[in-house]
Amino acid sequence: QVQLVESGGGLVQPGGSLRLSCTASGSTSGLNTIGWFRQAPGKEREAVSYIKSDDGATSYADSVKGRFTISRDNAKSTVYLQMNSLKPEDTALYYCVTTRTRVASLLAFTIIARTRALSSWGQGTQVTVSS
């Protein structure tokens, strides 16, 4: 069983920056991919980004590419999401998610994350971008 704890959410102005952190604990053996989902009221949950533990490869949704950067510190079992140039449409509840499988796309990440036996989810941290 893996436990994930997110932090770093809050209220920021458009154009501002925020860094989210996610720390994993428990049974982490076999984990391969870790990333972030987000969900805004009235919208579908969407995959934002992931990073692979084996080769460090990353992937980003088109909506955040160039503004967000994901990184991972394996020694600390922590993943970060640096969010720059934030927009109001970035407002959402952000979830940290890990899977025990390799994925080749955000779609695959989304599909695997739906299976609880193969994934672990944090409680989420709220990000609000507003003036």
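Above this text you will find the structure in question.
Residues numbered from 1 in each chain as written. Predicted model: local features only at pLDDT ≥ 70, side-chain atom pairs only at ≥ 80, totals over all residues. Heavy atoms only, no water.

*Asks:* How should the overall build of the protein chain be read in this particular structure?
*Replies:* Helix and strand content of the protein chain: 1 helix and 11 strands. N-terminal to C-terminal, the α/β element order of the protein chain is β-β-β-β-β-β-β-β-β-α-β-β. The C-alpha atoms of the protein chain give 14 Å as radius of gyration, which agrees with the globular expectation for 131 residues (14 Å, within 12%). Dimensions of the protein chain along its principal axes, counting C-alpha atoms only, are 45 × 25 × 25 Å. Looking at the 131 residues of the protein chain, the share that counts as buried comes to 44%. A fraction of 60% describes how many contacts in the protein chain between residues 6 or more apart in sequence connect residues 24 or more apart. (Helix = DSSP H or I, 4+ residues; strand = E, 2+ residues; numbered from the N terminus. Rg over C-alpha atoms; globule rule 2.2 N^0.38 Å. Buried < 20%, exposed > 50% of the residue type's maximum accessible area, 1.4 Å probe, protein only. Contact = heavy atoms within 4.5 Å.)

*Asks:* It is not clear to me how the packing of aromatic side chains should be interpreted in this structure. Could you clarify?
*Replies:* Each aromatic ring pair is described using two quantities: the centre-to-centre distance and the angle formed by the ring planes. Counted by the stated rule, this structure contains 4 aromatic pairs. For the ring pair Phe-37 and Trp-121, a centre distance of 5.1 Å and an interplane angle of 40° mean the geometry is tilted. Of the two residues, Phe-37 is situated in strand β4 (residues 33-39) and Trp-121 in strand β10 (residues 119-121); the sequence distance between them amounts to 84 residues. Summarising the burial analysis for this pair, Phe-37 and Trp-121 share the class buried. Both rings, one in Tyr-95 and one in Trp-121, keep their centres 5.6 Å apart while their planes meet at 70°; by these two values the pair is edge-to-face. Taken together, the positions of Tyr-95 in strand β9 (residues 92-99) and Trp-121 in strand β10 put the pair 26 residues apart, joining distant regions of the chain. Considered together, Tyr-95 and Trp-121 belong to a single accessibility category, that of buried residues. One aromatic cluster is present, built from ring pairs that chain together Phe-37, Tyr-50, Tyr-95, Phe-109 and Trp-121. The cationic tip of Arg-45 hangs over the ring face of Tyr-95; the distance from NZ or CZ to the ring centre is 5.0 Å. (Phe/Tyr/Trp six-rings, centres within 6.5 Å; stacked < 30°, edge-to-face > 60°. Lys NZ or Arg CZ within 6 Å of the ring centre and 35° of its normal.)

*Asks:* Can you walk me through the state of the cysteines in this structure?
*Replies:* Two cysteines, two sulfur atoms, one covalent bond between them: this is a disulfide. Enumeration over the complete set of coordinates arrives at 1 disulfide. Sulfur-sulfur distance for the disulfide between Cys-22 and Cys-96 comes to 2.0 Å. Handedness here is read from the sign of the S-S torsion; for Cys-22 and Cys-96, about -80°, the answer is left-handed. Note that Cys-22 is positioned in strand β3 (residues 18-26) and Cys-96 in strand β9, a separation of 74 residues in sequence. The same class applies to Cys-22 and to Cys-96, which are both buried. (Disulfide = S-S within 2.5 Å.)

*Asks:* Please clarify how unusual backbone geometry should be interpreted in this entry.
*Replies:* Generally, phi is negative for residues other than glycine and the peptide bonds are trans, each holding for most cases. Here Ser-77, not a glycine, exhibits a phi torsion of approximately 50°, which is positive. Phi at Ser-85 is positive, roughly 50°, even though this residue is not glycine. Turning to its location among the elements, Ser-85 is positioned in the loop between β8 (78-83) and β9. Residue classification places Ser-85 among the partly exposed positions, given a relative accessible area of 41%.

*Asks:* Sorry, what's going on with the environment of Ile-34 here?
*Replies:* Here Ile-34 lies in strand β4. It is 7.4 Å that separates the C-alpha atoms of Ile-34 and Cys-96, two residues lying 62 residues apart in sequence.

*Asks:* What is the right way to read helix α1 (residues 106-113) from this model?
*Replies:* An α-helical turn contains 3.6 residues, so any two residues separated by three or four positions project in the same direction. Buried within α1 we find Leu-106, Phe-109, Thr-110 and Ala-113. Angular distribution of buried residues about the axis of α1 spans 100°; they occupy a single face of the element. In this fold, the buried residues of α1 make contact with β4, β5 (46-52), β6 (58-60), β9 and β10. (Arc of directions from axis to C-beta.)

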